[in-house]
Amino acid sequence: MILNLTPHPIRLYWAEREDGIDDLEPHLREVIEPEPVPARLATIELGGGIAFEMVEFGHAQNLPPKRDGYQYIVPLVVALALADRRSDLLVPYREVRNSSGTVIGCRSFAQPV
């Protein structure tokens, strides 16, 4: 089972879906709705200057423990932070873009390693 721990629905398309189409339906495989609480990285603001802030990114929040038969779609920063400890985290991969270049879905998922 795949659970979506991002804050938005994930549209999964077949590989033949072309970029540059505004209609969301062509070659749509499925839509994976988000769970109520998304996974995030905890942050600690350390101060900074006028144009930037120093921020320490900490442990993942709202991420369930590993369970047999479950995989979790998470934001890329969460998956990268835990790549050496979690083999059950997936991220959207091979993005599908509309005519203005906005990501509207993906063609597959990747497991960061």
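Trainee: Looking at this structure, I do not really get the nonpolar core. What am I missing?
Mentor: Where a protein is soluble and globular, its nonpolar side chains tend to be buried together. Counting residues in each nonpolar core, the largest one holds 13 residues, and the members touching the most others are L5, L63, Y72, V74 and L89. Excluding residues within four positions of it along the chain, V74 makes contact with L5, T6, A39, L63, A79, L89, L90, V91 and P92. The next biggest cluster of nonpolar side chains, apart from the first, holds five residues, and it includes I10, L12, I32 and C106.

Trainee: I keep staring at the pairing of strand 4 (residues 40-48) and nothing clicks. Help me out?
Mentor: In this sheet, strand 5 (residues 53-61) lies alongside strand 4 in antiparallel orientation, the contact comprising six bridges. Directly across from G48, in strand 5, lies its bridge partner E53. Connecting the antiparallel pair strand 4 and strand 5 is a turn made up of four residues.

Trainee: Looking at this structure, I do not really get the environment of D19. What am I missing?
Mentor: Mapped onto the fold, D19 is located in the loop between strand 2 (10-13) and strand 3 (28-32). Sequence separation between D19 and C106 is 87 residues; the distance between their C-alpha atoms is 10 Å. Discounting residues that sit within four places of it in the chain, D19 has contacts with E95, V96, R97 and R107.

Trainee: Looking at this model, I keep getting lost on the layout of surface pockets. Mind explaining?
Mentor: It is the rolling of a water-molecule-sized probe over the atoms that shows where space remains empty. Considering only enclosed or pocket space, the largest pocket measures out at about 250 Å³ in volume. What lines the largest pocket is a set of 16 residues, and nearest its centre among them are H8, I10, P92, E95 and V103. Listed by contribution, the elements that provide at least two residues to the lining of the largest pocket are strand 2, strand 7 (89-97) and strand 8 (103-110). Sorting elements by how many residues they give to the lining of the largest pocket places strand 8 first, with four residues. Of the residues assigned to the lining of the largest pocket, the class counts are eleven nonpolar, three polar and two charged.

Trainee: I would appreciate a short explanation of the pattern of salt bridges in the present structure.
Mentor: Counted under the stated rule, the structure contains three salt bridges. Of the charged contacts in the structure, one is a salt bridge between D19 and R107, with a shortest N-O distance of 3.1 Å. Here R107 lies in strand 8 and D19 lies in the loop between strand 2 and strand 3, a separation of 88 residues in the sequence. Overall, the relative accessible area of 43% leaves D19 in the partly exposed class. By relative accessible area, R107 is classed as buried at 18%. Linking D88 and R86 is a salt bridge whose minimum nitrogen-to-oxygen distance equals 2.8 Å.

Trainee: What should I look at first to understand a nonpolar patch on the surface in this one?
Mentor: Side chains of I44, L46, F52 and M54 sit close together on the surface and give an oily, nonpolar patch of about 420 Å² of accessible area. Along the chain, the position of F52 falls in the loop between strand 4 and strand 5.

Trainee: Would you mind going over the pairing of strand 8 with me for this structure?
Mentor: Both faces of the sheet carry side chains from a regular strand, because those side chains alternate between them. As judged from the six bridges shared by strand 7 and strand 8, these two strands associate in the antiparallel manner. Looking at strand 8, one finds that Y93 is bridged to S108. In sequence, strand 7 turns back onto strand 8 through a hairpin of five residues, with G101 there showing a positive phi of about 90°.

What counts, and where the lines are drawn
- Residues numbered from 1 in each chain as written.
- Predicted model: local features only at pLDDT ≥ 70, side-chain atom pairs only at ≥ 80, totals over all residues.
- Heavy atoms only, no water.
- Core = buried A, V, L, I, M, F, W, Y, C linked by side-chain atoms within 4.5 Å.
- Buried < 20%, exposed > 50% of the residue type's maximum accessible area, 1.4 Å probe, protein only.
- Contact = heavy atoms within 4.5 Å.
- Pairing = 2+ DSSP bridges.
- Helix = DSSP H or I, 4+ residues; strand = E, 2+ residues; numbered from the N terminus.
- 1 Å grid on protein atoms, 1.4 Å probe; cavity = no way out; pocket = protein on both sides within 12 Å on 5 of 7 lines; lining within 4 Å.
- Points joined across faces, edges and corners; volume = space filled by probe spheres on them.
- Nonpolar A, V, L, I, M, F, W, Y, C, P; charged D, E, K, R; others polar.
- Salt bridge = Lys/Arg side-chain N within 4 Å of Asp/Glu carboxyl O.
- Patch = residues over 30% accessible without salt bridge, like charges linked within 9 Å, V, L, I, M, F, W, Y side chains within 5 Å.
- Areas by Shrake-Rupley, 256 points an atom, 1.4 Å probe, with all protein chains shown as cover.

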